[in-house]
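Residue-level structure breakdown
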Amino acid sequence: MGDRELDLTEEQKAVKSKYPQINKKYEYLDHTADVQIHSWGATLEEAFEQCAMGMFGYMTDTETVEPVDTVDVESEGEDMESLLFHFLDDWLFKFSADLFFVPREIKVLHIDRVNFKIRSIGWGEEFCLNKHPQGTEVKAITYSAMQIHDKERADIFAIVDI
C-alpha cells in the first residue's frame, strides 16, 4: 500500500508470496480530507483499471487477495468523467453493498468512447477480516477535481471520500 503498509499475518504473507507481485501504476496524493488517487497506464483502459485498484488498495493490501472468483461490472455515463465515476462506484458497490468482493486484479475489456460504456472483469474473493488487512473505508466516489488525460500516457486523478 505504498507508504501505508499494513502489518501482515503469516497467512497474509504466504498469500503474497504465492502469486506474482502486482504492478501498481497508482499513487495517493495529499488531499485535505479525502484521498486523491493518481493512476496511469499506456492506455485509457489500463489507467481506469489502475484507478479502481488504487481505490481497493486503500481499503486493503490487494496482494493478500486470492483470484478465486470473478465478477463482471458494466457501467455507463454521459461523458468520460461520469463514466469513470460510475465505473468506480459500481466496483465500490460490489465491495460495500453487494458481494463484499475485493479484487486482486481488474481488467477493462472495452471502453465505448462514443456511448460512454465500459465492461470490466475482476478476479478476487470475498473480503474477510481474518484474511485481509483492514485499511481505510472508502465511502463514496466524488467528481471533485476529477481529471482524465488520454495523451501519450493516460493519467487519471480521482478523489474518493473516506
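Figured I'd write up the structure that's included with this text.

What counts, and at which threshold
Residues numbered from 1 in each chain as written. Predicted model: local features only at pLDDT ≥ 70, side-chain atom pairs only at ≥ 80, totals over all residues. Heavy atoms only, no water. Pairing = 2+ DSSP bridges. Helix = DSSP H or I, 4+ residues; strand = E, 2+ residues; numbered from the N terminus. Salt bridge = Lys/Arg side-chain N within 4 Å of Asp/Glu carboxyl O. Buried < 20%, exposed > 50% of the residue type's maximum accessible area, 1.4 Å probe, protein only. Phe/Tyr/Trp six-rings, centres within 6.5 Å; stacked < 30°, edge-to-face > 60°. Axes fitted to C-alpha atoms, helices over the stretch in contact; angles between N-to-C directions. Contact = heavy atoms within 4.5 Å.

So, on to the pairing of strand S1 (residues 26-29). Where S1 meets strand S2 (residues 35-41), four bridges bridge the pair, whose relative direction is antiparallel. The residue bridging Tyr26 from the neighbouring strand is Ser39, located in S2. In this structure, the hairpin formed by S1 and S2 is closed by a connection of five residues.

A positive phi is found at Phe116, a non-glycine position, where the angle reads about 55°. Position of Phe116 among the secondary structure elements: in the loop between strand S4 (101-112) and strand S5 (117-126). Even without a glycine there, the phi angle at Ala145 is positive, about 55°. Residue placement: Ala145 occurs in the loop between strand S6 (140-141) and strand S7 (147-150).

What follows concerns the pattern of salt bridges. Counting across every chain of the model gives eleven salt bridges. Arg113 is paired through a salt bridge with Glu45; the nearest N and O atoms lie 3.5 Å apart. A residue pair is termed long-range when its members are at least 10 positions apart, and Arg113 in the loop between S4 and S5 and Glu45 in helix H2 (residues 44-59) qualify at 68 residues. A salt bridge links Lys107 to Glu49, with the shortest nitrogen-to-oxygen separation between them at 3.8 Å. One end of the pair, Lys107, is in strand S4; the other, Glu49, is in helix H2, with 58 residues separating them in the sequence. Residue class for Lys107 comes out partly exposed when judged on its relative accessible area of 39%. Look at Glu49 and you get buried, because its relative accessible area is 9%. Within this structure, Lys18, Glu66, Glu125 and Lys131 form a network of salt bridges that share partners.

Inspection of the entire model under this criterion finds eight aromatic pairs. On the basis of an interplanar angle of 70° and a centroid distance of 4.9 Å, the ring pair of Tyr28 and Tyr58 is categorised as edge-to-face. One end of the pair, Tyr28, is in strand S1; the other, Tyr58, is in helix H2, with 30 residues separating them in the sequence. On the basis of relative accessibility, which here comes to 12%, the residue Tyr58 falls in the buried class.

Let's shift gears to the sheet that holds S5. Read across the sheet, three strands follow the order S3-S5-S4 without closing on themselves; strand pairing throughout is antiparallel. If you trace the sheet from one side to the other, it starts and ends with strand S3 (69-76) and S4, each paired once. Here the average twist between neighbouring strands, direction ignored, is 20°. Alignment of S3 against S5, held across eight bridges, turns out to be antiparallel. Within S5, the residue paired with Asp69 across the bridge is Gly124. Against the sheet, H2 contacts S4 and S5, and its axis sits at roughly 155° relative to S4. Along the sheet face, helix H3 (residues 80-98) touches S3, S4 and S5 and points at about 145° away from the line of S3.

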